[in-house]
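Structural overview
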Amino acid sequence: SKVELILVKEQNGVQFTSSALVSPSGQTHPSGEERETWGKKIDFLLSVIGFAVDLANVWRFPYLCYKNGGGAFLVPYLFFMVIAGMPLFYMELALGQYNREGAAGVWKICPIFKGVGFTVILISLYVGFYYNVIIAWALFYLFSSFSGELPWIHCNNTWNSPNCSDLNSTLLNDTYKTTPALEYFERGVLHLHESSGIDDLGLPRWQLTSCLAVVIVVLYFSLWKGVKTSGKVVWITATMPYVVLTVLLLRGITLPGAIDGIKAYLSVDFLRLCDAQVWIEAATQICFSLGVGFGVLIAFSSYNKFSNNCYRNNTESCSLWFVMLCMMLRCWVFVFCLSPGPGLVFIIYPEAIATLPGSSVWAVIFFIMLLTLGIDSMGGMESVITGLTDEFKFLHKHRELFTLFIVVFTFLISLICVTNGGIYVFTLLDHFAAGTSILFGVLIEAIGISWFYGVDRFSDDIQEMIGQRPGLYWRLCWKFVSPCFLLFMVVVSFATFNPPKYGSYYFPAWATMLGWCLSISSMIMVPLYAFYKFCSLPGSFCDKLAYAITPETEHHLVERGEVRQFTVRSHHTSSHHTAKQTRLQQFNG
């Protein structure tokens, strides 16, 4: 076996040595801890891709792109992708892989920031409450597609109102007329007409509740054994969307008006770039598109082998695959339809599919794809489970029971969203669960790594894993560009807040306040935990501060007054502030 001896030479001349047995497979962290790993590298890769390229690209992006100036929206989107999205994506993968812990446990490197781990765990939990509902809707539509004629084509159904007008009707220009697809979603599926607002929800609909229960069962059996089961599920769920979208795109470009749709997708309204909301939505969408800020990337990468090349195998491959799918998806969206709206997936898409020959077959294929995307999206639950089981070790022994508790809890909360007025609760969750709070969480994460733990030290950790330090671009983004960008976006998002609405329905003030409470409940974990940690540490104010910002593995240095962050440099000391490391490698047998 390979024995690595590390001599750490501090600036005061005192030497400390540490050694670790490193297994040839690379599964063991220098701390000597054993941890479950992915069966194959491709399991991890598909899991990350599946979570990154998820429902957000079908549910959110096309609407945001059309709403915010078509091709103009791609300007801030791609700009933020380069200066913040990819650097933070890489940072989370490296952070999880090196520390082999979930979103909260990784902050043993800087204990005072552990609250941000609980922030991202709560955000993932909140998002799970309504992402489950999207999957349940997709399952309902899938069952409805197994019919000779799709139920959203005509107005002769029991749920239709007198205002319903068939797709080929010339009366659709009338403001009061509605399409069969719209009425099927709002009246046939949601029964929204039976609710007067968020204060009149009613009881859960049994059909949607049944679909939600099926989703929860599938979710449980995808997660209960950890990465050993979820790593196999993604072989189907992460690859099917590419096949389905390719087929639908090839069919779509042969339709009349397809070229007009692509032109609309590529058209640029640069005046929209003067609107701060466009930039905020682009920044938030980056978090959804790449999956940063949810703790999922940290959780997934924590199951990697320690020596896995998280830069080459993951960052480059995931970004390439991500861009390919997103460009395919967005072209497909604008080939088929030009109508914007938050009901895009369940109103406009079915409407477009209904125009195809053999529409029932295409509908079945599309909603199966939507289900697979949804199941991939629920990797957010892995962030919750991994984060809490790593933090509270007694839960690790009972992972199956704890997973059952989490999914049943999300099921009970999600029931509110399948009532007659459930779409109002859904809209409120979508607006507040992961907007400003996720930008705030990623900001604190970036500050903790770059300015307290240190970019140089973080780069050393990466070099220890993959044999090379990150380039200047990554280090500059981590230290300056990404934190400044995130700070600016958090401030602007507070300053330009727009209250939520669904169609023409505006939420009452109490509902907006409730939404803010939800958002703040995750963000407040950062100062609350920092206060708790600071008060629970021993010693004077300076001692407490030293313990709070020093990695837990170096707390013995605090007792000796040899804190890396507080070292005073004399005139004759080296210009390098960090410790010099000399590695002596010895091989036995």
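Residues numbered from 1 in each chain as written. Predicted model: local features only at pLDDT ≥ 70, side-chain atom pairs only at ≥ 80, totals over all residues. Heavy atoms only, no water.

An unreviewed UniProt entry lists the protein under the name Transporter, from Cyprinus carpio. Taken from UniProt, the Sequence similarities (unreviewed entry) comment for the protein reads in full: "Belongs to the sodium:neurotransmitter symporter (SNF) (TC 2.A.22) family." Under the Subcellular location (unreviewed entry) heading, UniProt states for the protein: "Membrane". (UniProt positions renumbered as here; feature names shortened; annotations may be inferred.)

1. Observations regarding the packing of aromatic side chains
Applying the stated criterion across every chain yields a total of 49 aromatic pairs. Geometrically, the ring pair formed by Tyr90 and Tyr311 is tilted, given 5.2 Å between the ring centres and 50° between the ring planes. Here Tyr90, found in helix H4 (residues 74–99), pairs with Tyr311, found in helix H13 (residues 310–336); they are 221 residues apart in sequence, far enough to count as distant. Seen from their ring centres, Tyr130 and Tyr131 are 5.4 Å apart, and the 85° between their planes marks the pair as edge-to-face. On the basis of relative accessibility, which here comes to 0%, the residue Tyr130 falls in the buried class. The ring of Trp451 is capped by Lys479, whose NZ or CZ atom sits 4.6 Å from the centre of that ring. (Phe/Tyr/Trp six-rings, centres within 6.5 Å; stacked < 30°, edge-to-face > 60°. Helix = DSSP H or I, 4+ residues; strand = E, 2+ residues; numbered from the N terminus. Buried < 20%, exposed > 50% of the residue type's maximum accessible area, 1.4 Å probe, protein only. Lys NZ or Arg CZ within 6 Å of the ring centre and 35° of its normal.)

2. Overview of the UniProt feature "binding site: Na(+)" (unreviewed entry) in the protein
Within this structure's numbering, the places UniProt gives as "binding site: Na(+)" (unreviewed entry) are Gly50, Ala52, Val53, Asn57, Ser289, Leu373, Asp376 and Ser377. Maximum C-alpha separation among the annotated residues is 12.7 Å over a sequence range of 328 residues, consistent with a single clustered spot. Those residues in contact with Ala52 that lie beyond four places of it in its chain are Asn57, Phe288, Ser289 and Leu290. Looking at the secondary structure, you find Asp376 in helix H15 (residues 359–377). Residue classification places Asp376 among the buried positions, given a relative accessible area of 6%. Beyond its immediate sequence surroundings of up to four residues, Asp376 is in contact with Gly50, Phe51, Val234, Thr237 and Ala238. (Contact = heavy atoms within 4.5 Å.)

3. Looking at the side chain of Arg100
Topologically, Arg100 is positioned in the loop between H4 and helix H5 (114–145). Engagement of the side chain of Arg100 in a polar contact is seen with the backbone oxygen of Asn304, the distance being 3.3 Å. (Polar contact = N/O pair within 3.5 Å; in protein donor to acceptor, adjacent residues only side chain to side chain.)

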